[in-house]
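# Observations on the model geometry
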Amino acid sequence: MEPRIQYAKTSDGVNIAYWTLGDGAGVPLVHLSLPGAGHIEFEWHFPELHDWYERLAKARTLVRFDIRGSGLSDREVHAWPLDALVRDIESVVDHLAMERFAVLGSMHNGPAAVAYAARHPERVSHLVLWCSWACPSDYYGSPEAETLVSLRDQDWDTYARAVGHAFTGWSGGDVGNRLASLLQQSTTQETLIRLVAEASQWDVTSLLGDVRASTLVLFARDFRLVDARMGRSLASGIPDARLAIIEGRSVIPANQDAGAMERAINEFLGDSAIAPEPMPPSGTAVILFADIADSTALTERLGDAAFRAKARDLDITLRKIIRDGGGTCIDAKTLGDGVLAVFTSARQAIGAALKCAAAGEEGGLPLHLGLHAGDVIEEDGNVFGGAVNIAARVSALAAPGEVLISDIVRGLARTSAGVAFEDRGEQKLKGIEDPVRVFAVREATA
């Protein structure tokens, strides 16, 4: 369900659109957008951002808003001094009567987050700066940024596509195209030219020493537009700030990169109630293994870039299905084109597997899906044990788009799953001494 969009008015009379998501007891988080690339309604239909916001809102209140001049906030704005962006933040948090909270600023909005934290030390408990800087000339003086600026002034469509792909690490596929569409929905070429001209003056170097909030400076190792040198400058100027570099090449958190960033933020906020996808304790679990069928042939037919883009999109969808179905994705497990998850309920695991199968078919990447139940050992976010191996072997037996389960899972779910089971008999599994009886899951007939 999309969050409800509401409005707050700034002290200088600008209407700011915002939404809130989640109501958990964790530290509330105010998530700033990229200046000129924020649209709180359109973002909800951007799968990577939708997934990212839901991750952050698992057990806390997440607040997102459009800055003045962009998205659903008042568009008839012609000036963006840094003080104006601080007023935008003030209007939303005051309207929500938020007393103490964390602020996350990304790239161009990092300076606004720093300025707000420096001016309101009594309200900002934590500050997270993601791929950002204190001195704008560090960014705008780079060859990559200069190239983008020259495109912006000449061809709006080409510029939007270039930004979309640059911000997503030149990974190809639909993510960059979606970000380009988001940029064009968020603002106009004329507005962005004026906004960036002012953003290039948002130097908060002198304010870094005034920040009293616990601060985490986060960077993606292979994101070419913003390098770790800027991060070191930020972290060294803020008292007791932490610098963390995570794997990734995009400023848009997605797939494994989103998991790493989520873990870093939640660990920093220090609230065990919001640990990402908490692992169940070692013991009995229902294990789901999903793997793209004939990925080698699909790569040859689609091309590597197109296949990887479709696989990334499917991965996001599968992880959401699993989380919504009560399961836990195992991010630490390296599976190539597969997803591993554990559940405490056989009924929920089967339901999620069927939805995953449908998502694979819809995305043009059919899946082999297998379920088994047994003891697992949890260690450092990973799971081990013979039951995990059996789940993978059962998955390998499944036809594309088919869900196969072991007899143990059938025994756990036979009275509650609301599906039918087709007996496939005992099967010899590679590397497993004893044969395993398996069943195909079918929709129940009336």
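Remember, predicted model here, so these are calculated numbers, not experimental data.

Rules of the game
- Residues numbered from 1 in each chain as written.
- Predicted model: local features only at pLDDT ≥ 70, side-chain atom pairs only at ≥ 80, totals over all residues.
- Heavy atoms only, no water.
- Helix = DSSP H or I, 4+ residues; strand = E, 2+ residues; numbered from the N terminus.
- Expected span 1.5 Å × (residues − 1).
- Buried < 20%, exposed > 50% of the residue type's maximum accessible area, 1.4 Å probe, protein only.
- Arc of directions from axis to C-beta.
- Contact = heavy atoms within 4.5 Å.
- Axes fitted to C-alpha atoms, helices over the stretch in contact; angles between N-to-C directions.
- Left-handed = near helix turned anticlockwise from the far one by under 90°.
- Pairing = 2+ DSSP bridges.
- Salt bridge = Lys/Arg side-chain N within 4 Å of Asp/Glu carboxyl O.
- Parallel < 35°, antiparallel > 145°, perpendicular 65-115°, else oblique.
- Nonpolar A, V, L, I, M, F, W, Y, C, P; charged D, E, K, R; others polar.
- Phe/Tyr/Trp six-rings, centres within 6.5 Å; stacked < 30°, edge-to-face > 60°.
- pLDDT = per-residue confidence, 0-100.

A rise of 1.5 Å per residue sets the reference length of helix α5 (residues 143-154), with its 12 residues, at 16 Å; its end C-alpha atoms lie 17 Å apart and thus fit the reference within 8%. Considered for burial, the residues of α5 that qualify are Ala145, Leu148 and Arg152. Considered in projection along α5, the buried side chains sweep an arc of 60° and stay on one side of the axis. Away from its buried face by more than 90 degrees, α5 exposes Pro143 and Gln154. Contact partners of the buried residues in α5: α4 (136-140), α6 (156-167) and α8 (189-199).

Let us look at the packing of α5 against α8. As a packed pair, α5 and α8 sit with axes 10 Å apart at the nearest point and diverge in direction by 145°. α5 and α8 meet at a crossing whose hand is left-handed. Contact with α5, carried on its side by Arg152, Asp153 and Gln154, involves Gln189, Leu192, Ile193 and Val196 of α8 and no other residues of that element.

A separate point is the pairing of strand β2 (residues 15-21). For β2, the tally of buried residues reaches five of seven residues, placing the bulk of the element in the interior. As defined by bridge partners, strand β1 (residues 6-9) adjoins β2 across four bridges and the pair is classed as antiparallel. Bridge pairing links Tyr7 to Ala17 in β2. From the end of β1 to the start of β2, which pair antiparallel, there are five residues, and Gly13 there has a positive phi angle of about 85°. Inspection of the sheet shows β2 paired to strand β4 (residues 62-65) by four bridges, in the antiparallel sense. Bridge pairing in β4 links Leu21 to Leu62.

With the rule as written, the count across this model stands at 20 salt bridges. Here Arg323 makes a salt bridge to Asp51, at a shortest N to O gap of 2.3 Å. Highlighted residues: Arg323 in helix α12 (residues 304-324) and Asp51 in helix α1 (residues 47-56), separated in sequence by 272 residues. Residue Arg323 shares its accessibility class with Asp51, and that shared class is buried. Residues participating in the shared-partner salt-bridge network are Asp51, Arg55, Lys58, Glu262 and Arg323.

Right, let's talk about α12 for a bit. Its 21 residues give α12 an end-to-end C-alpha distance of 30 Å, which sits within 8% of 30 Å, the value for a rise of 1.5 Å per residue. One or two positions beyond α12, positive phi appears at Gly326, with a value near 90°.

Alternating residues of strand β14 (residues 403-406) divide into Val403 and Ile405 and Leu404 and Ser406, and every residue in both groups is buried. As paired elements, β14 and strand β16 (residues 436-443) share three bridges and run antiparallel to each other. Directly across from Ile405, in β16, lies its bridge partner Phe439.

Another aspect to go through is unusual backbone geometry. In this structure, Cys131 takes a positive phi of about 50° despite not being glycine. Here Cys131 lies in the loop between β6 (124-130) and α4.

It is the contact of helix α2 (residues 82-95) with helix α3 (residues 110-119), at a shortest axis distance of 9 Å, that shows an interaxial angle of 65°. It follows that α2 is roughly perpendicular to α3 by the angle criterion. Seen along the crossing, α2 lies across α3 with a hand that is right-handed. Where α2 approaches α3, its residues Leu82, Asp83, Leu85, Val86, Ile89, Glu90 and Val93 are matched on the opposing element by Pro111, Ala112, Ala115, Tyr116 and Arg119. Residues that form the contact of α2 with α3 fall into these classes: nine nonpolar, no polar and three charged.

Counted by the stated rule, this structure contains seven aromatic pairs. Here Tyr139 and Tyr140 contribute two aromatic rings whose centre-to-centre distance is 4.9 Å and whose plane-to-plane angle is 80°, an arrangement assigned as edge-to-face. Where Trp156 meets Tyr159, the ring centres are 5.9 Å apart and the plane angle is 20°; that geometry is what we call stacked. One end of the pair is Trp156 and the other is Tyr159, both in helix α6 and three residues apart, which spans about a single turn. Like Trp156, the residue Tyr159 is buried in the burial classification.

Taken together, the eight strands give an open sheet; going across it, the order is β1-β2-β4-β3-β5-β6-β7-β8, and neighbouring strands pair in mixed fashion. Of all strands in the sheet, those bounded by a partner on one side alone are β1 and β8 (242-246). Across the sheet, the mean angle separating the axes of adjacent strands is 25° when strand polarity is ignored. In terms of strand pairing, strand β3 (residues 29-31) meets β4 through three bridges, oriented parallel. Each residue of the ladder has a partner; that of Leu29, found in β4, is Leu62. Docked against the sheet, α3 engages β5 (101-106) and β6, running at close to 160° with respect to β6.

When the pLDDT values of the protein chain are averaged, the result is 86; 91% of them are 70 or greater. Summarising per-element confidence for the protein chain, the mean pLDDT is lowest in strand β13 (residues 382-384) (75) and highest in β1 (98). The low-confidence segment residues 272-282, where pLDDT is below 50, has 28 contacts with residues more than four positions distant or belonging to other chains.

Okay, the environment of Ala160 next. Among the secondary structure elements, Ala160 is positioned in helix α6. Expressed as a C-alpha distance, the spacing of Ala160 and His372, which sit 212 residues apart in the sequence, is 46 Å. Setting aside its immediate chain neighbours within four residues, Ala160 contacts Ala180, Leu183 and Gln184.

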